[in-house]
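Coordinate inspection notes
Chain residues, written in single-letter form:
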Amino acid sequence: MCFVHVCGNTGCGRILYAGSASSADTLSAAGVLISWLQCLGFGVKSEDMDCFRLHKNRANKDPLFLTGVAFPSEYPASPETLVKLTVYDAKDKNQESSSFLGSATFSVGDLLRAKDEQLTLSLRSSDGVCAAGTVVVSRLKMGEMEEVDVDHITTDIPSQKCPLVCESAHHSCVDRESNPLTGPVFRNPVCKVYRFQTVDSKWMFVREQMEECTLSFSIPKQLLSLYIQEDMSRVQDLRELGDLSPHWDNLRKEVMTRYGGIISSYQETLAELDKITGHSFKPSCCKAQKSLEFIPINLHTQRMRVTCPKKTDAFYDIVTVGAPAAHFQGFKCGGLQRLLSRYEAEKKSFSTAYQCIYYSPEHTAKAQEVLSTMSLLQPLITSLADQLLQAAHEHSSPGLRDALKNLSDKTEQFVHTLKDELVKSALLALHAAQPGFVSKNQKQTPVPGKHQGQGGDQNQSPVQGLPGHSPAASVTESTVVCNNVEGSQTMTGGEGGLLQPKHQDSIPHHKEYDEEEWDRVWANVAKCLNCVIAMVDKLQEEDSSKQESVPEQQLADVITSHNPGDWREQLCPLVTRLKECVMEVAEKAKRAMTFVLLQEAACSIPQGFLLQQRRDVVFSQALAALACGFVMRLYAGMQDKGFLRQLHLVGLVAQFESLLSTYSEEIGMLEDMEVGISDLQRVAFKITEAKTDELGDLQPLVCGRRDHFTVEVPLPQLVFQTLPEEIKEGKPLRVFPVLFNVGINEQQTIAERFGDISLQERINQKNFETLEAYYKSLSEKVPLECLPCFQTQTDIKELLETLGQNVVTKKRKNVEILWIAGTICRRLNGIRFTSCKSAKDRTSMSVTLEQCALLRDEHQLSKDFFVRALDCMRREGCRIENVQKNIKCRKYAFNMLQLMAFPKCYRPPEGTYGKVDS
């Protein structure tokens with residue numbers, strides 16, 4: 001990339017005003033308009049590149065212009081390419097008025113051939129006659145050292161273009177749309193390039209690039225489809241439970257109706273999202289829009305690339321996104337963390353009212369896990385059994401051994417899953433919920449009042465003591481009362497009191513339940529597998545003994561004459577029996593776990609379903625951000641063997657920085673965000689080989705259920721082949737999400753002085769422990785040489801100790817927690833995220849501060865330049881462009897009173913903030 005340095009100082013020449021003898025000292029403002037001309041066939045293509053306005057700093061010095069020119073990829077620069085410079089005087093910046101001074105034209109070849117690659121050009125007036133002064137154009141390479149008087153470069157004048165900005169052209173960014181590794185995910189880049197002075201008076205170039213991510217919409221749309229599919233499957237499972245007593249049947253119908261409402265709502269939302277085309281991000285002004293509630297707010301990636309003399313280029317990535325929260329549903333009653341805690345406390349009383357067994361969140365999660373495992377393992381075992389028969393048909397001993405090993409592993413995993421006591425107790429509860437069931441206790445003492453008197457104890461979960469005691473008796477007692485009760489009788493009466501159910505005196509029939517039946521059923525699977533293993537061993541032993549007893553010259557004849565169907569015929573009955581047992585067990589387990597979830601759902605009406613919808617919304621936003629960050633980090637580390645080793649051996653830490661306050665609505669957002677980030681632990685990534693190198697085949701895909709999702713990231717074939725074998729084989733790649741929050745605005749001041757910040761303290765302490773555990777695991781499995789090198793030599797262990805001390809220290813607005821956590825994340829090859837309510841204002845202050853801190857600590861940014869560089873990035877950098885994209889206004893949404901409460905380093909420069917709708 002080539003930058004053009006245009007100077008109009010006294011050493012290079014003079015710029016005259018309107019053809020008169022006035023010097024540049026009389027100009028109130030000056031600017032350069034750069035155009036390029038390219039010969040195309042028989043015509044000439046001309047297009048304005050950009051307009052750069054630079055204001056004078058002092059009356060006794062002429063202005064210095066440093067502007068960037070990059071030629072579009074479809075018209076690459078050549079020696080014949082012509083560049084036109086137009087110099088003008090901008091008297092009134094607010095009215096964007098300007099006076100033409102003069103212009104000059106040169107070719108790229110002229111510049112390349114010139115001595116020291118500098119051209120002195122005479123400016124001509126519009127009639128081409130009068131001389132308007134001279135300018136000097138020089139070619140400047142990235143990383144070149146220039147001795148330029150610092151006084152020429154200033155940011156002292158508010159609201160004026162920062163002279164430290166070299167480039168602000170969208171089309172000067174890297175052409176990522178045609179890059180197969182980035183095109184399908186990142187788009188619409190915005191670029192800024194600066195040059196800052198180092199401590200040794202050299203110059204570094206800093207390139208800031210911000211992009212949207214297509215995953216903002218594609219991930220939520222895929223999740224919605226999976227939610228719909230899962231809930232429809234749940235409804236079908238409820239239908240297949242068979243006949244239930246009237247009480248349970250009415251509950252089932254109500255639960256199915258609730259699921260139907262969620263499915264219908266999600267289908268409508270998905271249809272609305274399918275209508276949206278061409279958008280890659282949701283602006284902050286749409287945060288509470290119903291049709292976009294699953295879409296993350298203002299999701300962008302930002303990369304800062306630094307080029308210094310005699311040093312290797314370095315880059316630093318960050319993902320910015322609005323706090324994952326249910327803005328449409330609001331925060332009147334708090335966020336997910338508070339709502340879920342209250343809901344779990346109330347669910348026990350709901351279970352008594354609905355006469356259900358209370359299942360803890362752990363047991364509900366276990367039921368979902370068993371269902372998920374069954375759905376995966378049953379078809380897999382069937383497929384492996386068929387492979388075993390195929391190997392037997394081909395009389396292939398190696399094939400037989402391999403197929404048997406895989407079949408044994410998966411079947412043993414299947415049996416191990418079913419040994420859980422929850423399955424056994426749920427089967428008994430389901431049997432007790434069928435029409436006409438009576439327990440042994442009821443037969444022995446048929447006194448209706450007895451069961452009513454025991455209701456309080458009976459409704460406690462029989463699985464709470466698992467596996468310490470047998471749940472059979474308590475399940476029977478707690479469910480028998482429901483079987484002969486009409487659903488209409490279970491209702492509230494008076495002032496919220498529950499009407500006691502009435503028992504039918506006549507019982508049509510009863511069934512004895514054999515509590516040992518389940519143990520025999522799943523044990524049969526293991527027995528069938530053992531029979532298959534024994535038969536395979538027998539066949540291979542017989543085959544081996546036959547080959548040893550036959551003379552060598554007759555061996556070929558024996559192999560040729562051997563009937564290949566012998567092995568298959570002997571194995572087929574045993575394999576068929578194994579598949580039948582697996583199917584029978586899977587069906588029973590599926591019905592039992594479905595009944596557990598039915599009871600949990602019945603106790604959840606209606607609050608549980610509303611919370612599930614809220615959780616789906618928050619998780620969708622969080623997953624879209626995580627997938628974006630993972631893909632960005634993966635692309636950046638493809639050539640780093642240490643990073644790839646860390647990726648498959650341990651996984652990556654994903655560090656979310658939040659600037660939300662713990663006051664008013666934002667405390668609800670933080671409660672939502674805490675649960676959403678925590679739920680990301682249920683996500684794994686898998687790298688796959690793309691079918692083709694077409695951009696459409698490189699789009700990440702999501703699969704799974706609510707209890708576990710997998711994001712598949714396709715890579716082009718050539719790139720995929722360079723990965724470690726463990727990753728190519730499809731090993732799940734883990735991510736460890738951590739969240740640190742420190743509020744910095746005026747609402748946090750109120751919370752710290754008069755409110756409660758315990759939520760923030762608990763979040764920081766909990767996630768510090770997670771981060772510490774991750775580092776311990778990483779240091780045990782991966783050599784620390786695999787981690788990136790930084791100029792600051794502070795040991796990660798020391799940083800963790802400092803972070804731990806700050807987490808427990810009672811200090812107002814202790815932003816050092818965020819700084820240290822971010823540093824540790826980068827040192828651990830992690831993924832960095834920064835959030836506030838809309839990822840627009842406070843986030844911009846944080847991102848720019850972090851970038852300048854990196855320039856200072858890692859690239860020797862001059863201390864005299866730190867504040868000026870920070871102000872420059874905030875005034876002219878990518879973050880103010882982000883504000884413009886969101887609210888169509890180039891002002892941060894702060895007022896003076898708010899900023900008085902901000903830590904000083906988070907305050908924007910004067911003239912860049914004001915009251916705006918955000």
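Up top is the structure these notes are about.
Now for a look at the structure at hand. Residue numbering note: each chain is counted from 1, following its sequence as written. The predicted origin of the model limits local features to residues at a pLDDT of at least 70 and limits the giving and counting of side-chain atom pairs to 80 or more, whereas totals for whole chains, interfaces and linings rest on all residues. Heavy atoms from the whole structure form the basis of all side-chain values; hydrogens and water molecules are not counted.

1. Details of the pairing of strand β12 (residues 300-307)
Here β12 lies mainly inside the structure; seven of its eight residues are buried. At least two bridges found by DSSP between two strands are what make those strands a pair. Working definition: helices are DSSP H or I runs of at least four residues, strands are E runs of at least two. Numbering for both runs from the N terminus. In terms of strand pairing, strand β11 (residues 203-213) meets β12 through eight bridges, oriented antiparallel. Paired with Glu211 across the bridge in β12 is Thr301. For β12 and strand β13 (residues 314-320), the ladder comprises seven bridges, and the chain directions are antiparallel. Note that in β13 the partner of His300 across the bridge is Thr320. Note on classification: 1.4 Å probe, protein chains only; a residue is buried when its accessible area is under 20% of the maximum for its type, exposed when over 50%, partly exposed between these limits.

2. Observations concerning the side chain of Thr214
With respect to the secondary-structure elements, Thr214 resides in the loop between β11 and α2 (215-239). With residues near it in sequence (within four places) discarded, Thr214 still touches Pro184, Val185, Arg187, Ser280 and Gln699. In this description, contact between two residues means that some pair of their heavy atoms is separated by no more than 4.5 Å.

3. Examining the pattern of salt bridges
Two side chains of opposite charge can pair, provided their charged atoms sit close to one another. Salt bridge, as used here: a side-chain nitrogen of Lys or Arg that lies within 4 Å of a carboxyl oxygen of Asp or Glu. In total, this model carries 35 salt bridges according to the counting rule given. Across the pair Lys590 and Glu240 runs a salt bridge, and its minimum N-O distance is 4.0 Å. Residue Lys590 is located in helix α14 (residues 565-604), and its partner Glu240 is located in the loop between α2 and α3 (246-275); the two are separated by 350 residues in the primary sequence. Across the pair Glu850 and Arg832 runs a salt bridge whose closest N-O atoms are separated by 2.7 Å. With Glu850 in helix α24 (residues 842-859) and Arg832 in strand β21 (residues 831-835), the pair connects residues that are 18 residues apart, well separated along the chain.

4. Here we look at the packing of aromatic side chains
Pairing of aromatic side chains requires ring centres within 6.5 Å, counting the rings of Phe and Tyr and the six-membered ring of Trp. Pairs whose planes differ by under 30 degrees are stacked, by over 60 edge-to-face, and all others tilted. Applying the stated criterion to the full structure yields 14 aromatic pairs. Consider the rings of Trp203 and Phe865, whose centres lie 6.1 Å apart with planes at 85°: the pair is edge-to-face. Of this pair, Trp203 sits in strand β11 while Phe865 is found in helix α25 (residues 863-876), placing the two residues 662 residues apart along the sequence. Grouping residues by exposure puts Trp203 and Phe865 together as buried. Measuring from centroid to centroid gives 5.6 Å for Phe619 and Phe709, while their planes differ by 25°, and the two rings are stacked. Separated by 90 residues along the polypeptide, Phe619 in helix α15 (residues 607-636) and Phe709 in strand β19 (residues 708-715) bring together distant segments of the chain. Taken as a pair, Phe619 and Phe709 share a single burial class, namely buried. Three or more aromatic residues link up through ring pairs in this structure, and these residues are Tyr227, Tyr266, Phe294, Phe619 and Phe709.

5. Notes on unusual backbone geometry
You will see that Lys813, though not glycine, has its phi angle at about 45°, which is positive. Position of Lys813 among the secondary structure elements: in the loop between α22 (796-808) and α23 (816-827). By relative accessible area, which is 13% here, Lys813 ends up buried. In this structure, Lys888 is a non-glycine residue whose phi angle is positive, near 60°. Relative to the assigned elements, Lys888 resides in the loop between α26 (878-887) and α27 (896-901).

6. Focus on the nonpolar core
The set of buried Ala, Val, Leu, Ile, Met, Phe, Trp, Tyr and Cys residues whose side-chain atoms join them within 4.5 Å is what this entry labels a nonpolar core. Judged by nonpolar contacts, the single largest core of 145 residues is most densely connected at Phe414, Leu571, Met593, Phe630, Phe685 and Ile687. In contact with Met593, not counting residues within four places along its chain, are Ala367, Val370, Leu371, Leu422, Val423 and Ala426. Residues Ile744, Cys786, Ile796 and Leu803 belong to the second largest nonpolar core, which totals 61 residues.

7. Some details on helix α21 (residues 758-781)
In this scheme, a helix's expected span is set at 1.5 Å multiplied by one less than its residue total. For α21, which comprises 24 residues, the first-to-last C-alpha distance of 35 Å matches the rise-based estimate of 34 Å (1.5 Å per residue) to within 8%. Along α21, the residues that are buried comprise Leu759, Gln760, Ile763, Asn764, Asn767, Phe768, Leu771, Tyr774, Tyr775 and Leu778.

8. Thoughts on the environment of Ile533
Relative to the helices and strands, Ile533 resides in helix α12 (residues 517-549). Judged by its relative accessible area of 25%, Ile533 falls in the partly exposed class. Residues contacting Ile533, with those up to four places away along its chain left out, are Leu404 and Ser408.

As far as function goes, none of this settles anything; it's purely spatial.
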